[in-house]
Amino acid sequence: LQTMSGNEHDWLALKPQEPSPSQCCGSGCKPCIYDVYEKELAQWERAKAKQDKSLLMEKKEQSNNSELKPDTFTAFNISSVEQLTEDTYQYKFELPGNSSLRLSLGQHIVLRGMVNGLEVQRAYTPISPGNAEGYFEVLVKCYEAGLMSQYIKTWKKGDMVFWRGPFGGFPYQPNKHGELLMLASGTGLAPMLPILQSITDDEEDETFVTLIGCFRTFDKIYLKPLLQDLVRYWNIRIFYVLSQETSLEKLPQSYQENTYTGHLDEDLMKRIINSCRRKPFVLICGSSTFNEDMSRYLKAAGIEENSCFVF
């Protein structure tokens, strides 16, 4: 049996590690973590063939100049942590000076976490306006057994966190659609907010919006003050569907007429679509089950697939 030479051993130690499935956020990022791995592996193979380690030096794993990039992770500082419900938090990150992430609407960024020596990556959509200066904010729901949640729960003000991006997004254009029907479940509200804010900030944009927020209970509705503020605009309507509330009597008066109990089912979907002021273009964001259910109900209500966008 031939023993490995010290040199071989060194090269093996430098070989990039293949990502595990948990590291891929599954959002179709370009470049995906697997693309980055392929690139680094090819670089390692070239360097090994030439026996020249300096060829690996151009590998920039992470950057500290606080500019977001798709293929390298950049460190950002947490400037505040706010608990919104028992399992949902809003985190604010600093950007140098008055710089902005310059995200297109509904774009997401990918977070890297280390849990028990395992690297995990997940996608989140900032809820702050894309042109917010000096900061960005992310809404995160923590799950009891979630690997990334275990890491996020340790965050406190002043911690450094690594992000890359941006990816995806909805190519929104003012006045292109007569009405947007937004179907959001829980933190699926996140990609809707920058689009809503860009519509209300633009006096020339006369797009109607109907937002349906699906939550378990009234207490679980995130960012109520912001949503109440948006409803004051002539072209914005918001309805809530609360799956675990049995009666609307305990809710504040201002919520009673635009809240439904139970689930957003095919019947309710048809009623909402019939109440839209124009033929809606539909945006959907929630769990994969929610997204599949909504797509099915929309189809039953006669909305074609080319009139829907799933985040």
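Reading the values: rules and limits
Residues numbered from 1 in each chain as written. Predicted model: local features only at pLDDT ≥ 70, side-chain atom pairs only at ≥ 80, totals over all residues. Heavy atoms only, no water. UniProt positions renumbered as here; feature names shortened; annotations may be inferred. Helix = DSSP H or I, 4+ residues; strand = E, 2+ residues; numbered from the N terminus. Buried < 20%, exposed > 50% of the residue type's maximum accessible area, 1.4 Å probe, protein only. Phe/Tyr/Trp six-rings, centres within 6.5 Å; stacked < 30°, edge-to-face > 60°. Lys NZ or Arg CZ within 6 Å of the ring centre and 35° of its normal. Lys, Arg positive; Asp, Glu negative; His and termini not counted. Salt bridge = Lys/Arg side-chain N within 4 Å of Asp/Glu carboxyl O. Polar contact = N/O pair within 3.5 Å; in protein donor to acceptor, adjacent residues only side chain to side chain. Contact = heavy atoms within 4.5 Å.

Caption draft 1: Here's a closer look at the UniProt feature "binding site: FAD" (unreviewed entry) in the chain. Following the UniProt record, the feature "binding site: FAD" (unreviewed entry) maps to R122, Y124, L139, K141, M148 and S149 here. For the residues just named, distributed over 28 residues, the greatest C-alpha separation is only 13.7 Å, placing them together at one site. Looking at the element boundaries, R122 is found in strand β5 (residues 118-124). Residue class for R122 comes out partly exposed when judged on its relative accessible area of 30%.

Caption draft 2: Inspection of the packing of aromatic side chains at higher detail. Per the stated rule, a full pass over the model turns up 18 aromatic pairs. Between the aromatic rings of F309 and F311, the centroid separation amounts to 5.0 Å while the plane-to-plane angle is 80 degrees, which identifies the pairing as edge-to-face. Judged by relative accessible area, F309 falls into the partly exposed class, the value being 22%. Residue F311 is classed as partly exposed on the basis of its relative accessible area, which comes to 26%. Note that R112 overlies the ring of F162, its terminal NZ or CZ placed 5.0 Å from the centroid.

Caption draft 3: Examining the side chain of K224 more closely. Looking at the secondary structure, you find K224 in helix α5 (residues 224-230). Buried charged residue K224 carries no salt bridge. Nearest counter-charge: D219, at 5.2 Å. At a separation of 3.1 Å, a polar atom in the side chain of K224 contacts the main-chain carbonyl oxygen of F218. Look past the residues within four positions of K224 in its chain and what remains in contact with it is F218, D219 and Y255.

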